[in-house]
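Residue-level listing of the chains:
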2 protein chains.
Amino acid sequence: MRRIAESTVRRLSLYLSFLEEFETQGTDTVSSEALALRGRTTSAQVRKDLSHFGSFGKRGLGYGVPQLAERLRSILGLDRRYRMVVIGAGKLGSALVQHRGFSERWFDVVAIFDNDPAKIGRALDGITILDVGRLEEYLGQTPADIGVIVTPADPAQSVADLLVATKVRAILNFAPAQLSVPHDVALRNVNLSLELEALAFTLADY
Amino acid sequence: MRRIAESTVRRLSLYLSFLEEFETQGTDTVSSEALALRGRTTSAQVRKDLSHFGSFGKRGLGYGVPQLAERLRSILGLDRRYRMVVIGAGKLGSALVQHRGFSERWFDVVAIFDNDPAKIGRALDGITILDVGRLEEYLGQTPADIGVIVTPADPAQSVADLLVATKVRAILNFAPAQLSVPHDVALRNVNLSLELEALAFTLADY
DNA sequence: GTTTGTGAAACGATTCACAGCT
DNA sequence: AGCTGTGAATCGTTTCACAAAC
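Positions within a chain are numbered from 1, following the residues in the order the chain's sequence is written. Both sets of labels track the order of writing: A upward for chains, 1 upward for ligands. Local features in this predicted model are restricted to residues whose pLDDT is 70 or higher, and side-chain atom pairs enter the listing and the counts only when it is 80 or higher, whereas totals over whole chains, interfaces and linings include all residues. To obtain the side-chain values, all non-hydrogen atoms of the structure were used and water was disregarded.

**A closer look at the overall build of chain A**
Right, on to step 1. Helix and strand assignments follow DSSP, with helices taken as H or I runs no shorter than four residues and strands as E runs no shorter than two, numbered in order from the N terminus. Within chain A one finds 8 helices and 9 strands.
Right, on to step 2. Counting only C-alpha atoms and orienting by the principal axes, one finds that chain A spans roughly 65 × 50 × 35 Å.
Right, on to step 3. Two residues qualify as a contact provided that any one of their heavy atoms is within 4.5 Å of a heavy atom in the partner residue. Within chain A, contacts between residues at least 6 apart in sequence are counted, and of these 57% link residues at least 24 apart.
Right, on to step 4. Each accessible area value is a Shrake-Rupley result obtained with a 1.4 Å probe; residue values ignore everything except the protein chains displayed when judging cover. Of the roughly 9,800 Å² of accessible surface on chain A, a fraction of 48% belongs to carbon and sulfur atoms.
Right, on to step 5. Across chain A, the 24 positively charged side chains and the 24 negatively charged ones have centroids separated by 7 Å. Only four residue types enter the tally: Lys and Arg on the positive side, Asp and Glu on the negative side, with His and both chain ends excluded. Where a charge sits is defined by one atom per residue type, namely NZ (Lys), CZ (Arg), CG (Asp) or CD (Glu).

Okay, here's the thing in structure tokens:
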């Protein structure tokens, strides 16, 4: 199907979370206007976002809450579970593994790797930390869908190469490095310094 | 000055980090093409980004590395230090405080707050965790520039309100909540579930 | 009467291409 | 000759506005 904008996908995820709120409140129908209000956007935006995937509403009435939620889960690929490996068991890596909302719902952390002998063999959230030297061997036997890189910048590219070689198809990168991956591997970067610098820019208001 | 796109600011931050690399390598001049190559963009993009703020290059030659770095620091507001308060001393909050690249360079964590009596009074990276009930009092006496919200979703809005009331002008929100803040307060959201769901979408390739 | 779904219009960002300096 | 700075062209996203469905 035709390419869907990044921004659209983010909004769809938000709509799903709003629908799940509405669902627990027992609301059974929402209008695009109601969803828009909840997400600080416009009803036209909501309708356009959904229209890329089909017609899920009833004119004059709105959308069935559980039905639309189900559709969005299907669209977002959240009708299955994903196997994640985390590389880097430092402070941030450990926090992510233990963070609810990360290793829950549709995403399972199946393995954690580090290169620090002091960490290898310890457990994090019930998962034993393995030697990163065994990453290739491990993923060769039990493939994963998503790799999460939480190493320093320096080894990040070689970790990414390793992940790509072992058929990981999506990478979430927390290392402050510009990773190079094949075009068929999805890559998302979370760069904390960049977020702060963007805030500094608006504070400075050049 | 006229509004600068989000994406432009992000690239400027990246250019700065590349320039600092070039600087340590002793390179004294770069072309827009060289910067573009390093950042996986185009030379026209680099020049357009910079052109919003002035003309910093020499035709036929390129840009002076230290000079352009200095300009970018000034543009991004990185010619001063920023005082940050972190609200939430859970796993993620603690990891952020101790994360290099977060509390370094131009950003200082000056205080950490939590509502858990077991955490209050303990120190994190040399900073004593304070009772969030004293946040208003604290910020009234010693204002901060940036508030970092690392609480669960539920209390996030009331924490944001408190920060806004005490003249914090920028908020970095890690809680999975749609915060409402006045238009003159800068808000950036980092939502880990959303990042994973965006990856799931590309894996599913609806 | 209400609200969806969608072409058309408006807006914004990126890329092109070249005149103007060095 | 080489590279910047920038108007013009292109491309993509958001908003508008209304016909169609209920």
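**Notes on the relation of the copies chain B and chain A**
Right, on to step 1. Copies are brought into register by a least-squares superposition over C-alpha atoms of residues with pLDDT of at least 70 in both. The transformation that overlays chain B on chain A combines an axial shift of 0.0 Å with a rotation of 180 degrees, and the residual RMSD is 0.1 Å. Expressed as an axis order, the relation between the two copies is that of a two-fold axis.
Right, on to step 2. Interface residue correspondence from chain B to chain A reaches 100%, placing this contact among same-surface, isologous pairings.

**Here's the deal with the interface of chain B and chain A**
Right, on to step 1. Tallying the contact residues gives 57 residues for chain B and 57 residues for chain A.
Right, on to step 2. When two parts are put together, the accessible area they lose, computed with a 1.4 Å probe and summed over both, is reported as buried area. Together chain B and chain A conceal approximately 5,500 Å² of surface at their shared face, both sides included; 69% is due to carbon and sulfur atoms.
Right, on to step 3. We define a salt bridge as a contact between a side-chain nitrogen of Lys or Arg and a carboxyl oxygen of Asp or Glu at a distance within 4 Å. Our enumeration of links across chain B and chain A arrives at 2 salt bridges.
Right, on to step 4. In the analysis that follows, any N or O atom pair within 3.5 Å is treated as a polar contact, provided that within protein one partner can donate a hydrogen and the other can accept it, and provided that, for residues neighboring in sequence, both atoms belong to side chains. Between the two partners, chain B and chain A, sit 10 residue pairs in polar contact (both at pLDDT 80 or more).
Right, on to step 5. For the side of chain B that touches chain A, the elements supplying multiple residues, two or more each, are α1 (6-24), α2 (32-39), α4 (65-75), β3 (82-87), α5 (91-98), β8 (170-173), β9 (186-189) and α8 (192-204) of chain B.
Right, on to step 6. The element best represented in the side of chain B that touches chain A is α8 of chain B, accounting for 13 residues.

**Examining helix α8 (residues 192-204) of chain A**
All names here are of chain A.
Right, on to step 1. Along its 13 residues, α8 runs 18 Å from first to last C-alpha, staying within 8% of the 18 Å computed at 1.5 Å per residue.
Right, on to step 2. Most of α8 sits inside the fold, with 10 of its 13 residues counted as buried.
Right, on to step 3. Those residues of α8 lying buried are L192, L194, E195, L196, E197, A198, L199, A200, F201 and L203.
Right, on to step 4. D205 occupies a position one or two residues after α8 and carries a positive phi of about 50 degrees. Take the number of residues in a helix, subtract one, and multiply by 1.5 Å to get its expected span. Note on classification: 1.4 Å probe, protein chains only; a residue is buried when its accessible area is under 20% of the maximum for its type, exposed when over 50%, partly exposed between these limits.

**Observations concerning the pattern of salt bridges**
Side chains that carry opposite charge are capable of pairing whenever their charged atoms lie near each other.
Right, on to step 1. All told, the structure shown has 22 salt bridges over all chains when counted by the stated rule.
Right, on to step 2. Between E20 of chain B and R73 of chain B there is a salt bridge; the shortest N-O distance is 2.8 Å. With a gap of 53 residues between them, E20 of chain B in helix α1 and R73 of chain B in helix α4 connect regions that are remote in the sequence. Like E20 of chain B, the residue R73 of chain B is buried in the burial classification.
Right, on to step 3. Salt-bridge contacts for D116 of chain B lead to K119 of chain B; the nearest nitrogen and oxygen are separated by 3.9 Å.
Right, on to step 4. In this structure, a network of salt bridges that share partners links the residues E20, E70, R73 and R105 of chain A.

**Quick notes on the layout of surface pockets**
Think of a ball as big as a water molecule: rolled over the atoms, this probe shows where empty space is left.
Right, on to step 1. Method remark: on a 1 Å grid restricted to protein atoms, a set of points is classed as a cavity if a 1.4 Å probe fits but cannot get out and as a pocket if it is open with protein on both sides within 12 Å along at least five of seven lines; lining residues have an atom within 4 Å of a point. Grid points are joined across faces, edges and corners, and a volume is the space filled by probe spheres set on the points. In this model, the second largest pocket occupies a volume close to 440 Å³.
Right, on to step 2. Taken together, 20 residues make up the lining of the second largest pocket; nearest its centre are F201, T202 and D205 of chain A together with R3 and I4 of chain B.
Right, on to step 3. Mapped onto the lining of the second largest pocket, the elements with two or more residues apiece are α8 of chain A together with α1 and β9 of chain B.
Right, on to step 4. Ranked by residue count, the leading element in the lining of the second largest pocket is α8 of chain A, at 5 residues.
Right, on to step 5. Here the residues of the lining of the second largest pocket sort into 11 nonpolar, 2 polar and 7 charged. Residue classes follow a fixed rule: Ala, Val, Leu, Ile, Met, Phe, Trp, Tyr, Cys and Pro count as nonpolar, while Asp, Glu, Lys and Arg count as charged, and any other residue, Gly among them, counts as polar.

**Things to note about the protein's contact with DNA strand D**
Right, on to step 1. If you check the shell around DNA strand D, you find 24 residues, and the closest are R59 of chain A together with S32, R47, G57 and Y63 of chain B.
Right, on to step 2. Of all atoms in DNA strand D that approach within 4 Å of the protein, 59% are sugar or phosphate atoms.
Right, on to step 3. Of all elements in the fold, only α1 (6-24) and α3 (43-51) of chain A together with α3 (43-51) of chain B reach the threshold of two or more residues within the surface near DNA strand D.
Right, on to step 4. Of the residues contributing to the surface near DNA strand D, the split by class is 5 nonpolar, 10 polar and 9 charged. Residues are counted as near a molecule or strand when any one of their heavy atoms sits within 4 Å of it.

**What to know about the protein's contact with DNA strand C**
Right, on to step 1. In the vicinity of DNA strand C there are 24 residues, among which S32, R47, R59, G60 and Y63 of chain A approach most closely.
Right, on to step 2. Looking at DNA strand C alone, sugar and phosphate atoms form 60% of those within 4 Å of the protein.
Right, on to step 3. The contact in question runs from a phosphate oxygen of DNA strand C to an N or O atom on the backbone of S32 of chain A, over 2.5 Å.
Right, on to step 4. Separating a base oxygen of DNA strand C from a backbone N or O atom of G60 of chain A is a distance of 3.1 Å.
Right, on to step 5. It is α3 of chain B that provides the largest number of residues to the surface near DNA strand C, a total of 4 residues.
Right, on to step 6. Considering only residue class, the surface near DNA strand C consists of 5 nonpolar, 10 polar and 9 charged.

**Thoughts on the domain arrangement of chain A**
Right, on to step 1. In this document the domain limits rely on a domain assignment from an automatic tool or a database. Taken domain by domain, chain A consists of domain 1 (6-75) and domain 2 (82-194).
Right, on to step 2. Spacing between the C-alpha centres of domain 1 of chain A and domain 2 of chain A amounts to 32 Å.

**Side note on the sheet that holds strand β6 (residues 127-131) of chain B**
All names here are of chain B.
Right, on to step 1. The 7 strands are arranged β5-β6-β4-β3-β7-β8-β9 in an open sheet whose pairing can be described as mixed. Edge positions in the open sheet fall to β5 (123-124) and β9, since each of these has one partner strand only.
Right, on to step 2. Any two strands with at least two DSSP-identified bridges between them are counted as paired. Summarising the sheet, strand β4 (residues 107-114) and β6 pair through 3 bridges and their orientation is parallel. Bridged to D114 within β6 is D131.

**Some remarks on the sheet that holds strand β8 (residues 170-173) of chain A**
Right, on to step 1. Read across the open sheet, the 7 strands follow the order β5-β6-β4-β3-β7-β8-β9 (chain A); overall the sheet is mixed. At either margin of the open sheet sits one strand with a lone partner, and together these are β5 (123-124) and β9 (186-189) of chain A.
Right, on to step 2. Axis geometry follows a simple rule: fit a line to the C-alpha atoms, using only the stretch in contact for helices, then measure angles between N-to-C directions, giving values from 0 to 180 degrees. Across the sheet, α8 of chain B touches β3 (82-87), β4 (107-114), β7 (146-149), β8 and β9 of chain A, and the angle it forms with β8 of chain A is around 160 degrees.

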